[in-house]
Amino acid sequence: MGPIGKLKLGQNPMATATIAAVVILMNFIVIASAADVPKLEIFPSQKVQRKAVGQAMILTCRPNVPSPNLVADLQWKDNMNNTILPKPIVKQMSNMHQIYQPVYDSKGHRIRENTGRNPPMFTEYMTGTESLALIINHLSVEMEGKYYCTASYATNEILETSVTVKTYVGITWTNAPENQNPILGEDYVVRCEVKADPNPTIDWLRDGDQIRTGEKYVVETNGLLIRNVQESDDGIYTCRAAVLETGELVERTIRVEVYSRPAITYLPTTLEATEGKPFSANCTATGKPVPEIFWIKDATQQNVATADRFQVNPLTGVLNINSVTQDDYGTYTCIAKNDAGVVDQKTKLNVLITPSIHFLYNVTGDSQKEIALTCRAKGRPAPEITFSRWGSDDEYAAGVQVDDERITLEQHFDEEKGESSGTLRIARAQRSDDGLYQCKARNTGGTAYATGHITVQFPPDFSHMKDLPPVFSWEERKVNLTCLAMSIPNATIEWRWNGKPLKDLNDKNLQIVGTGPRSDLIVHPVARQYYSVYKCVATNILGTSQIDIQLKEARVPEPVPAAEPKQLTATSITFDIRSPPVEFGMPITAFTVQYKEAINPDWSTAMNRSWSPDSPYIVEGLKPQTMYHFRFAARNQVGLGMWGVNTQQSTPKRSAPEEPKPLHSPVQNDIEEPVVVSPYSDHFELRWSVPADNGEPIDFYQVKYCPGVKMAGTWHELENQCQSVEVADSTSYEMSRLAGNTYYRIELRAHNIIGFSSPASVIMKTTRGIDVIQMAERQVLSSASIVGIAVGGVLLLLFIVDLLCCVTINMGVMASMCRRTKRSPSEIDEEAKLGSGQLVKEPPPSPLPLPPPVKLGGSPMVSPSDEKQPLQTPTESIKQNSTVEFDGKFVHSRSGEIIGKNSAV
């Protein structure tokens, strides 16, 4: 403001208005006069120019003078009052390279040569004008200040003007990542650090809504604080920066994804692996993102994923060892790591060593004394040792046994060495304790087995011979007296007779074979004195024992005391025979009967039968309505006893057959009668035994079966559904097309020329099921028939081909045979001389005569017509003997000597 403006204004309003008018008038006068004053103008015309750091800038200085051609030395000076040089001139060094001349920086200092770039600032005349431009390529904070434009006018007047350059820093994101990951449950600052000059203001938006400071969010200078981050805080956040002075506004979009720190959820504190076997362990961890899992062996700090035999799945945490060794024992650390953090947990791997038994020896002890069997084993953990008897799964428990207080199992463990032992102690040992014992060493790695033997020594014992019968001999037959002493160790045996050692008697009729533990005394009883008692004495280191063995003279059985008819038919009689008294060791081997018609007084012509004692005593082939005389005798190993029980019995007349007996056992019992259950629902096979024909042969059997029901205990048959069949030459019949779950009454009768037998009745029930009608299977050829037909066809085809060859070209087998039949006698003689060339194999002579042919199977049953020769008596008046043997199903009869011992009816 000029001098007038500096006057003090009074309180008078009129004076104030007058002074203002004078000031305005004077300003107009100054402006009018300035239009003709030479000056320099800077464009843009603002005295203060604001530009952002890093931007380019141009200031133009233009002379405003009446005579522009009088302006000289127009130039710019920087904020340090140094002259800013024009853009350097480029020297042409070659066709390929250009080099700039030295230039000055903004402070007037020379910069290095050959930079190959424009200087930070330079001046340049604007084409077509008298203006000088100041060009700044890259504005920096150091370039802030006052810049002057100077010139001389008309050689004597200096023109000068200035402009102030002020810089500011634009909005720059210094720490504002576009993807940020807070940790679940923790406080987190979403980073958004901004650089600007003047300082900017920051605000936040989420999903377009402005975030204000509160309990959850706090807007801080370096970012947005989120308290107690949760998964719901995931989302898109906007950081907005504004500089009010410059009007600059910039936004940065930040994606927030909540991470969670890794946590190991499963890892046992101890792991157990077995030596030599594969092993797998699992370390499970959670976290976001999915953590990567490592296994570290603490002893070596090695990542086992890089070791031999180890494999690690970093996603699942599964650790696999191909084959565990003892060196794998130790502590391992499972590490779970993700971008949110790291967590680790330790576990101990115990290597289980499969048990191995290294000590178990057989032991020997005396009876009634203590015996101890010890077993030692190695393993980790130290194995538990138990025992069991060989062949039994029952193991002895530690301590005293409940069922046998004599036996105690002692167990000892050494976990540090991985060794254990077990001792089975048996007090007052018995012979029953002798045998094999199995040692079992068991731990979590497996079980080892070994077998040892306990031998219980005991003095000689003859308890197994106390119940043996006497030894028998007859007719001066040599006999063997056997003495077997049970003992450990083996006993030596001495024989005594009448109190004297037999070896001192030198009797040739008494021969000793063997001295222990078995010894045989062969006695030749040529005189009655040898039928006596012989003493066997056995001795070992634990004691002596003796037993008496009696040699007795055997005799034939006494007469049969009684034999009564039990069942009569027209052609057979079944007897009930009472055995005579027998001596222990000399049983009855057979019963024999002689029988003849009553009108025949001569027993030398009588017939005979023999039976074993456990068979039915049946005499068959008798004549109907005939009186017979019978007498009986018993047989043992010595021979046939005296005849006894002379009895007479007549046979009834010829009649219908006896009732046949069905061969079925009832498996279900009704209240009134037994029921046979068929295993099938639609068929049943009826089987029966052959009854006595009573003098006339059975020609057929009649089978009648009717379905029915029982009502109030009464059987009601469905007569219209009854079926009756006649069966010849068979003792079985299959009933088909039956109804399931149905009762049938079956009547079976035998028939001969005289008539029917009484019926045998059976109640049969079929099982549940769908009634099946069995269709007759069409006959198909067997595989053998098919092969035979094929071979026959081939042979027929070959025959036809050969025949054609013979007829057409005179070749083939038939042609050769035709030529052979037409040979001359001379050719035949010549061939006989030379030989036909064929080898004839003859069987070698038999060194021994061949035995007569043997017919397989038992001898056929002897019919009454075969028994024409009488039984020979001891006076050689009996002409023929026969034996009847019974095998449980059939009766076999054969002629010859009556053996009796092995015979059976």
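The structure displayed is predicted, hence computed values, not measured ones.

Thresholds, definitions, all that
- Residues numbered from 1 in each chain as written.
- Predicted model: local features only at pLDDT ≥ 70, side-chain atom pairs only at ≥ 80, totals over all residues.
- Heavy atoms only, no water.
- Helix = DSSP H or I, 4+ residues; strand = E, 2+ residues; numbered from the N terminus.
- Contact = heavy atoms within 4.5 Å.
- Buried < 20%, exposed > 50% of the residue type's maximum accessible area, 1.4 Å probe, protein only.
- Pairing = 2+ DSSP bridges.
- Phe/Tyr/Trp six-rings, centres within 6.5 Å; stacked < 30°, edge-to-face > 60°.
- Lys NZ or Arg CZ within 6 Å of the ring centre and 35° of its normal.
- Disulfide = S-S within 2.5 Å.
- pLDDT = per-residue confidence, 0-100.
- Salt bridge = Lys/Arg side-chain N within 4 Å of Asp/Glu carboxyl O.

### Observations concerning the environment of S579
- Tracing the backbone shows S579 in the loop between β49 (573–578) and β50 (590–597).
- In sequence terms S579 and A563 are 16 residues apart; their C-alpha atoms lie 9.0 Å from each other.
- Every residue in contact with S579, bar those within four places of it in the chain, is listed here: P561, I588 and F591.

### Let's talk about the pairing of strand β37 (residues 435–443)
- The buried count for β37 comes to seven of nine residues, which makes it a mostly enclosed element.
- Judged from the six bridges that link them, strand β33 (residues 384–389) and β37 form a sheet pairing that is antiparallel. Note on β37: the bridge partner recorded for E384 is R442.
- Two elements, β37 and strand β38 (residues 446–461), share nine bridges in a ladder whose sense is antiparallel. Within β38, the residue paired with L436 across the bridge is H453.
- What sits between β37 and β38 in their antiparallel hairpin is a turn of two residues.

### Describing the packing of aromatic side chains
- Evaluation of the coordinates by the stated rule reveals 12 aromatic pairs.
- An aromatic cluster of three or more residues is present, and its members are F575, Y595, Y628, F630 and F632.
- The ring of W603 has K596 lying over it, and the distance from NZ or CZ to the ring centre is 4.7 Å.
- Stacked on the ring of W603, the Lys or Arg R631 has its end atom at 4.4 Å from the ring centre.

### Considering the state of the cysteines
- What the rule picks out here adds up to six disulfides.
- Across the disulfide, C61 is cross-linked to C149 (sulfur-sulfur distance 1.7 Å). When the S-S torsion is -90 degrees, as for the bridge of C61 with C149, the disulfide is left-handed. Linking C61 in strand β3 (residues 57–64) with C149 in strand β10 (residues 145–153), this pair joins segments that are 88 residues apart in sequence. Comparing C61 with C149, the two get one shared label, buried.
- With its sulfur 1.8 Å from that of its partner, C483 forms a disulfide with C536. Sign of the S-S torsion, about -75 degrees for the bond between C483 and C536, identifies this disulfide as left-handed. Residue C483 is found in strand β40 (residues 479–484), and its partner C536 is found in strand β46 (residues 533–540); the two are separated by 53 residues along the sequence. The pair C483 / C536 is uniform in exposure class, with both members buried.

### Quick look at the sheet that holds strand β58 (residues 684–689)
- Spatially, three strands are ordered β55-β58-β62 in an open sheet, and the strand pairing comes out antiparallel. If you trace the sheet from one side to the other, it starts and ends with β55 (661–662) and β62 (732–735), each paired once.
- When β58 meets β62, the two strands line up antiparallel, connected through four bridges. Following the sheet pairing, E685 is matched in β62 by E734.

### A look at the confidence of the model for the chain
- In this model, the chain carries an average pLDDT of 81, and 80% of its residues clear a pLDDT of 70 or more.
- Taken together, the stretch residues 112–116 has pLDDT below 50 and engages in four contacts with residues farther than four places along the chain or on a different chain.
- The low-confidence segment residues 771–778 (pLDDT under 50) makes 10 contacts with residues lying over four places distant or belonging to another chain.

### Remarks on the pattern of salt bridges
- Under the criterion given, the structure shown has 26 salt bridges.
- A salt bridge links R425 to E370, with the nearest nitrogen and oxygen atoms 3.3 Å apart. Pair noted here: R425 is in strand β36 (residues 419–426) and E370 is in the loop between β31 (363–366) and β32 (371–380), with a separation of 55 residues, a long-range link.
- A relative accessible area of 28% places R425 in the partly exposed class.

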